[in-house]
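Given next are the chains, with one letter for each unit.
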Protein chains: 2
Amino acid sequence: MAKKTKQKRPAARLPKGMRDIGPAEIRAMNAMIATIRDVYESYGFEPLETPAFEYTDALGKFLPDTDRPNEGVFSFQDEDDQWLSLRYDQTAPLARYVAQNFDMLPKPFRRYAVGPVWRNEKPGPGRFRQFMQFDADTVATTSVAADAEMCMLAADTMEALGIARGQYQVRVNSRKVLDGVLEGIGIDPSFSTGTEQQVRTRLTVLRAIDKLDRLGMEGVSALLGPGRKDESGDYTKGAGLDPQQIDKLMTFISAGLAANSAQQTLNSIQALVENSETGRQGIEELMEMQTLLESTGYTNKRVLMDPTIVRGLDYYTGPVFEAELTFEVKDDKGQPVRFGSVGGGGRYDDLVTRFTGRPAPATGFSIGVSRLQSALQALGRQNTNVGLGTVVVLVMDFNERPRYLTMVNALRSAGIRAEMYLGTSGMKAQMKYADKRGAPCVIIQGEDELANGQVQIKDLIEGAKAAQSIKDNKEWKSTRPAQFAVESEKLVEAVTSVLARHSPQVKN
Amino acid sequence: MAKKTKQKRPAARLPKGMRDIGPAEIRAMNAMIATIRDVYESYGFEPLETPAFEYTDALGKFLPDTDRPNEGVFSFQDEDDQWLSLRYDQTAPLARYVAQNFDMLPKPFRRYAVGPVWRNEKPGPGRFRQFMQFDADTVATTSVAADAEMCMLAADTMEALGIARGQYQVRVNSRKVLDGVLEGIGIDPSFSTGTEQQVRTRLTVLRAIDKLDRLGMEGVSALLGPGRKDESGDYTKGAGLDPQQIDKLMTFISAGLAANSAQQTLNSIQALVENSETGRQGIEELMEMQTLLESTGYTNKRVLMDPTIVRGLDYYTGPVFEAELTFEVKDDKGQPVRFGSVGGGGRYDDLVTRFTGRPAPATGFSIGVSRLQSALQALGRQNTNVGLGTVVVLVMDFNERPRYLTMVNALRSAGIRAEMYLGTSGMKAQMKYADKRGAPCVIIQGEDELANGQVQIKDLIEGAKAAQSIKDNKEWKSTRPAQFAVESEKLVEAVTSVLARHSPQVKN
């Protein structure tokens, strides 16, 4: 061994921004995913799984992290020098799939997808470089009925997960309306007709509005003008708009605040975009969505119009939506904060067209599964019913393992989680192991029990309870609470009744 | 649009060796995973999820593809220039996890993991660069009872998936026995005491034996000697052993053929390794495993000893196992072939020690989920009961979408998969859409039906059956088979009874 230490050992560490996920969270996540899947399937979406990575040019670059390495994605080269990237969302791979299989697909094409995505972002608390997304998309339709349906889907999913009406909101806006307001202040936002400077200004304006939650009205206003110095002293250059332009934009993003209904919000925005063809079209679409949502009962309590919604991804072209949790949780310093966004989406009419040149307008909604799981945990709504641990058969004589393993087999055959202690340590270590594993009981058969044709069952849950009430060590030893002997052939029966006693009640 | 075509469009294509997975396969895979999970959990394993990539040095290089780019893995650099690799299995990340969290874990540590792994291999038919593995491992025990348990787990999993006893075999061998045979022919196989040349020869020998399935005895014999030219004319250099050495190795790998029982196989191998301490230890371990397996009924029909089993990965140190399907399927040319390996594993005592220097002997078993799924398909045992498609509410008047969407809502609330047609095309395209989606029925409400307070339900499954028996086009039109009107308020009730009529029977 000594000789080997010269060789440098690798350090056992997680890559930056990554995490391991343990049993309780995995079980809760699986339960969540099953619930979301049920809702998405009830809407008629069918599952599709694309690979974890795609050719980089097929994914495109639509993340807002233009200043990050590889613009926010993880990329590598194949043996033939082509660049590949881990998917940063489920939408870009879907666009590739649709473009590749367009003719054979039913139109509209409706699919859901669940799986991890990867972003080369700066990690932070609760912000990881791998996270799970659950998406639904409808491709090849211009109808905003498909967008309205995404909002209904978002609302239904929240409620299916136990988030009550009033604890969440799906907020809706439109990139077309945003562009209409920009036109209204003299900025042509179109990629094809605007100047390079104007297109850049548009992005700066959108990103400024997107930060409203974090920076407040004043911060956004500064970012629309000359720029803003943050707490760390870093200066972010602004959009360079003049006070009149800023004023009009601030009026726009405040339009939802005073309104009592989605209709009222839309009416006050309408005035701001009436001179823009794009803006008028955007308002018309939102109004059509609103009619559909109201007629099906998805009113203000569940879905509402909110001009401050922007969404980070560059590929959106029409309505955009965000699902937010409106209840408060305590932050690290004990301050109440809103939980915020757990999902979003919108219309992206050009993502498939990028490949084919043919129109394939589309819309989708994506849930951040890991983030939503934290929310459910905060709400106490997470399914923490992980069941009982495994029954451990202790090994009193290592030469007698075949006998113990036969007991385990009998328990397993009866549907009971069971294992023989597989280490090589003594009784004390075995009991410690069973405790650490959360075993409901252990099975003991030493020489004496064997001679009597019996096994001892030690109920660890009952034992822990009893230990709290028994002060006297002598009493403890003499009573041996929660341990009893049964005939060997009654092992399964006896364990079954111990488990039944402790089975967690289903939590609603 | 014309202007834009100058811009080069990306091609919509899958990366080499990758594939998209559709609804039927996803549903079957989920059902399979649920079954495997149940078995693994009944054994007391707990789930763990590690990230998709790790630091390259933490994963180590243990794949047999030494001549592939990056030795068979996909690697890239982080912003701080550290190398990262997509996991090529679930075992190497587990070793990192255990090394990192050793003190807090119960010992032995027992976890299962399911998820994709990636290999930079040459793709071929049925051979992809991303595939799903389902692993169980027991870490921190020297006891081969843990290895015996892995074989039991493998057998139980096969049977739980509907692969009958006799259609599969779990074959067991030991790297220590293999090394013992090598010692017996004058090759010191140890990394610490053997010469570089001897260690290389050992690898060449192991890989030659590993190819027995594909190349037969003659091919292996050639690879143990000077080398072998394959059908394409490529020459593979051999291990360069002399005829006597080759003869002894061939005797060893044939030891299982003539034997009638595992015990007999072990007895005949024993004679070949009696001069090697490592070999004797290997035999002793296999015999102990055999005792445990026999005492619990995992005999020759399910688990057997087979000296030809090697396993590709370099990190194994003791018993190795392979789960094979023994029934025949037809290959591309219609020739019957054995299905072969669907999983395997073994003991790897040094993988955690690599990090910590402390001993943490371990053993595990891994199922190739995708491969096993193909097998179940071939057996007709795959759960193909994917349920009925979605009910489609047709849109007869696009201004009346709120009304149609309200119907959809009512159906969904009753637990029925339903959607409103979300495209913008006419009646003919809508019917074609419903057909393509596999809709069990469509709902139609035009002006007339609305005036009468009715909806039409068109049963597409019944319709398709009727269409086969009706020859006369005129008769078809006059009878309108499988289409009927109901009162609007009886929509849910009527659709429920149509669905009940067509619900697929559960297949056993």
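Residues numbered from 1 in each chain as written. Chains lettered and ligands numbered in written order. Predicted model: local features only at pLDDT ≥ 70, side-chain atom pairs only at ≥ 80, totals over all residues. Heavy atoms only, no water.

> Just checking my understanding: could you explain the pairing of strand E6 (residues 130–139) of chain B for this structure?
For a regular strand, the rule is simple: side chains alternate between the two faces of the sheet. Residue and element names in this part refer to chain B. Burial of E6 is extensive: nine of the ten residues sit out of reach of the surface. Pairing of strand E5 (residues 109–118) with E6 involves ten bridges; the strand directions are antiparallel. Looking at E6, one finds that Phe109 is bridged to Val139. Taken together, the seven bridges between E6 and strand E13 (residues 362–368) define a ladder with antiparallel strand orientation. The partner of Ala136 across the bridge, within E13, is Phe365. (Buried < 20%, exposed > 50% of the residue type's maximum accessible area, 1.4 Å probe, protein only. Helix = DSSP H or I, 4+ residues; strand = E, 2+ residues; numbered from the N terminus. Pairing = 2+ DSSP bridges.)

> Would you mind going over the pairing of strand E11 (residues 319–330) of chain B with me for this structure?
Residue and element names in this part refer to chain B. Most of E11 sits out of view: ten of its twelve residues are buried. In this sheet, strand E12 (residues 336–347) lies alongside E11 in antiparallel orientation, the contact comprising nine bridges. Paired with Glu324 across the strands is Ser341, a residue of E12. Linking E11 back to E12 in an antiparallel pair, the connection comprises five residues, with Gly334 at a positive phi of about 85°.

> Got a minute to help me understand the pattern of salt bridges in this structure?
Any two side chains of opposite charge can pair, given that their charged atoms come close. Considering all chains together, one arrives at 68 salt bridges over all chains under this definition. For Arg13 of chain A, the salt bridge is made with Asp57 of chain B, and the minimal N-O distance between the two is 3.1 Å. Of the two residues, Arg13 of chain A is situated in the segment before helix H1 (23–42) and Asp57 of chain B in helix H2 (residues 56–59); the pairing between them involves two chains. For Arg13 of chain A, a relative accessible area of 23% puts it in the partly exposed group. According to the relative accessible area criterion, Asp57 of chain B is partly exposed, its value standing at 36%. For Glu149 of chain A, the salt bridge is made with Arg412 of chain B, and the minimal N-O distance between the two is 3.0 Å. Within this pair, whereas Glu149 of chain A is found in helix H4 (residues 145–160), its partner Arg412 of chain B is found in helix H14 (residues 401–413), the two belonging to separate chains. Comparing Glu149 of chain A with Arg412 of chain B, the two get one shared label, buried. Each of Arg27, Arg412, Arg417, Glu419 and Arg437 of chain A together with Glu41, Glu46, Arg110 and Glu149 of chain B takes part in one network of salt bridges that share partners. (Salt bridge = Lys/Arg side-chain N within 4 Å of Asp/Glu carboxyl O.)

> In this structure, what is going on with the relation of the copies chain A and chain B? I would like to understand it.
Note on the chain copies: they are related by a rotation about an axis and a translation along it. Of the transformation placing chain A onto chain B, the axial shift is 0.0 Å and the rotation is 180°, giving an RMSD of 0.1 Å. When the rotation and shift are considered jointly, the pair of chain copies conforms to a two-fold rotation axis. For chain A, the residue whose C-alpha comes nearest the rotation axis is Phe76 of chain A, separated from it by 2.7 Å. An overlap of 100% is found between the interface residues of chain A and their copies at the interface of chain B, pointing to a shared contact surface. (Least-squares fit on C-alpha atoms with pLDDT ≥ 70 in both. Contact = heavy atoms within 4.5 Å.)

> In this structure, what is going on with the interface of chain A and chain B? I would like to understand it.
In this complex, chain A contributes 101 residues to the contact, which on the side of chain B involves 101 residues. Across the interface of chain A and chain B, roughly 8800 Å² is buried in total on both sides, 56% from carbon and sulfur atoms. Summed over the three residues of chain A that lose the most area to chain B, namely Arg13, Glu49 and Leu422 of chain A, the buried surface amounts to 8% of that side. Between the two partners, chain A and chain B, sit 26 salt bridges. If you look at where chain A meets chain B, you find 45 residue pairs in polar contact (both at pLDDT 80 or more). It is H1 of chain A that provides the largest number of residues to the side of chain A that touches chain B, a total of eight residues. Of the residues assigned to the side of chain A that touches chain B, the class counts are 46 nonpolar, 25 polar and 30 charged. (Buried area = accessible area lost by both parts, 1.4 Å probe. Polar contact = N/O pair within 3.5 Å; in protein donor to acceptor, adjacent residues only side chain to side chain. Nonpolar A, V, L, I, M, F, W, Y, C, P; charged D, E, K, R; others polar.)

> Looking at this structure, how should I read helix H8 (residues 243–253) of chain B?
Structural remark: α-helix, 3.6 residues per turn; residues separated by three or four positions point the same way. All names here are of chain B. Considered for burial, the residues of H8 that qualify are Gln245, Ile246, Leu249, Met250, Phe252 and Ile253. Within H8, the buried residues cover an arc of 155° as seen down the axis, which keeps them to one side. Every exposed residue of H8 that faces more than 90 degrees away from the buried side is listed here: Pro243, Gln244 and Asp247. On its buried face, H8 sits against strand E7 (168–174), helix H5 (175–184), helix H6 (196–210), helix H7 (212–224), helix H9 (255–258) and helix H10 (262–273). (Arc of directions from axis to C-beta.)

> I keep staring at the domain arrangement of chain A and nothing clicks. Help me out?
You'll often see interface size given as the accessible area lost when the parts meet. Domain annotation of chain A identifies domain 1 (20–142 + 349–387), domain 2 (165–319) and domain 3 (391–501). Taking the mean C-alpha position of each, domain 2 of chain A and domain 3 of chain A sit 65 Å from one another. (Domains from an automatic or database assignment.)

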